[in-house]
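Report on the structure
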Amino acid sequence: MTAAGPRVLVTVASRHGSTREIGTAVARCLQESPAGRTCGLSAVAIPVEQHPDPARFDAVVLGSAVYVGRWLEPARHYAAERVQALRTRPVWLFSSGPIGEPPFPPDEPYDAAPVARSIGARGHRVFPGRLDTTLLGFGERAMVTAMRAPVGDFRDWAAVRSWSEEMAAAVAEVPTAPSPSRR
């Protein structure tokens, strides 16, 4: 057993901050979960644009905002560029974007499944997002108006916490190996 518990990277592509806030909550909930506290799990949320090295972590959560049914390009590129490192550790994916009651669009982003297969992800979760028109550019506001998209915060924090607790329990069962790159 190592002196330190497992380290988890939560890296997220977010356009207007809502998905980044979910990523921050995932990192916090991983650490605060019963399994996370018991095994000394530490988690850090880093924007995907900072290109964090997954090799320095025991597990990874990769998330992206979804626009027009797709993950943001920085998240797709991160997964493609880091495929070797991601395939050698537990990885989970999440998407943020559906809004309204019931969430619209109801479908999963069409590029999440290929990303999951390429990196061997253990799972993918879709969380409702937030639509705040004050954060949108002119073109985005025009599209939202034309689509009559519901405005508001539809994020389900209880679902985020529950999913984080499931991941923490799974990570707690994975043996961590001491590595010079984990500092």
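Here's what I pulled together on the structure shown here. (Residues numbered from 1 in each chain as written. Predicted model: local features only at pLDDT ≥ 70, side-chain atom pairs only at ≥ 80, totals over all residues. Heavy atoms only, no water.)

A closer look at the overall build of the chain
In terms of regular secondary structure, the chain is built from seven helices and eight strands. Within the span of the chain, comprising 183 residues, buried residues form 44% of the whole. Counting contacts in the chain only where the partners sit at least 6 residues apart, residues at least 24 apart contribute 79% of the total. For the chain, the accessible area works out to roughly 9400 Å², and carbon and sulfur atoms hold 56% of it. (Helix = DSSP H or I, 4+ residues; strand = E, 2+ residues; numbered from the N terminus. Buried < 20%, exposed > 50% of the residue type's maximum accessible area, 1.4 Å probe, protein only. Contact = heavy atoms within 4.5 Å. Areas by Shrake-Rupley, 256 points an atom, 1.4 Å probe, with all protein chains shown as cover.)

Here we look at the environment of A65
Structurally, A65 is set in strand β3 (residues 59-67). Residue A65 is classed as buried on the basis of its relative accessible area, which comes to 4%. Taking the C-alpha atoms as reference points, A65 and F94, 29 residues apart in sequence, are found 8.7 Å from one another. Residues within four places of A65 in sequence aside, it is in contact with A13, S14, R15, T19, R70, W71, L72 and S96.

Structural notes on the pairing of strand β5 (residues 91-96)
The element β5 is extensively covered by neighbouring structure, given that six of its six residues are classed as buried. Residue alternation in β5 divides its side chains into two sets, V91, L93 and S95 and W92, F94 and S96, and both sets are buried. Bridge count for β3 against β5 is six bridges, and the pairing is parallel. The residue of β5 that forms the bridge with A65 is S96. Pairing of β5 with strand β6 (residues 123-127), which is carried by five bridges, proceeds in the parallel orientation. Considered in β6, the bridge of W92 is made with G123. (Pairing = 2+ DSSP bridges.)

Some points on the pattern of salt bridges
Per the counting criterion, the structure on display carries five salt bridges. For R76, the salt bridge goes to D111, with nearest N and O atoms at 3.8 Å. Separated by 35 residues along the polypeptide, R76 in helix α3 (residues 73-81) and D111 in the loop between β5 and α5 (112-119) bring together distant segments of the chain. Judged by its relative accessible area of 8%, D111 falls in the buried class. A salt bridge links R125 to E166, with the nearest nitrogen and oxygen atoms 3.5 Å apart. Of this pair, R125 sits in strand β6 while E166 sits in helix α7 (residues 157-172), placing them 41 residues apart in sequence. One network of salt bridges, in which partners are shared, links R70, R76 and D111. (Salt bridge = Lys/Arg side-chain N within 4 Å of Asp/Glu carboxyl O.)

Comments concerning the packing of helix α1 (residues 18-32) against α7
Where α1 meets α7, the axes come as close as 8 Å, and the angle between the chain directions of the two elements is 45°. Judged on the interaxial angle alone, α7 and α1 are oblique. Relative to α7, the crossing made by α1 is right-handed. Across from E21, I22, A25, V26, C29 and L30 in α1, the residues of α7 making contact are W157, V160, R161, W163, S164, M167 and A168. Along the lines of polarity and charge, the residues of the contact of α1 with α7 split into ten nonpolar, one polar and two charged. (Axes fitted to C-alpha atoms, helices over the stretch in contact; angles between N-to-C directions. Parallel < 35°, antiparallel > 145°, perpendicular 65-115°, else oblique. Left-handed = near helix turned anticlockwise from the far one by under 90°. Nonpolar A, V, L, I, M, F, W, Y, C, P; charged D, E, K, R; others polar.)

Focus on the side chain of R89
With respect to the element layout, R89 can be found in the loop between α4 (83-87) and β5. Within the structure, the side chain of R89 is placed 2.8 Å from the side chain of T88, a separation counted as a polar contact. Setting aside chain neighbours within four positions, we find R89 in contact with P54, A55, F57, D58 and V60. (Polar contact = N/O pair within 3.5 Å; in protein donor to acceptor, adjacent residues only side chain to side chain.)

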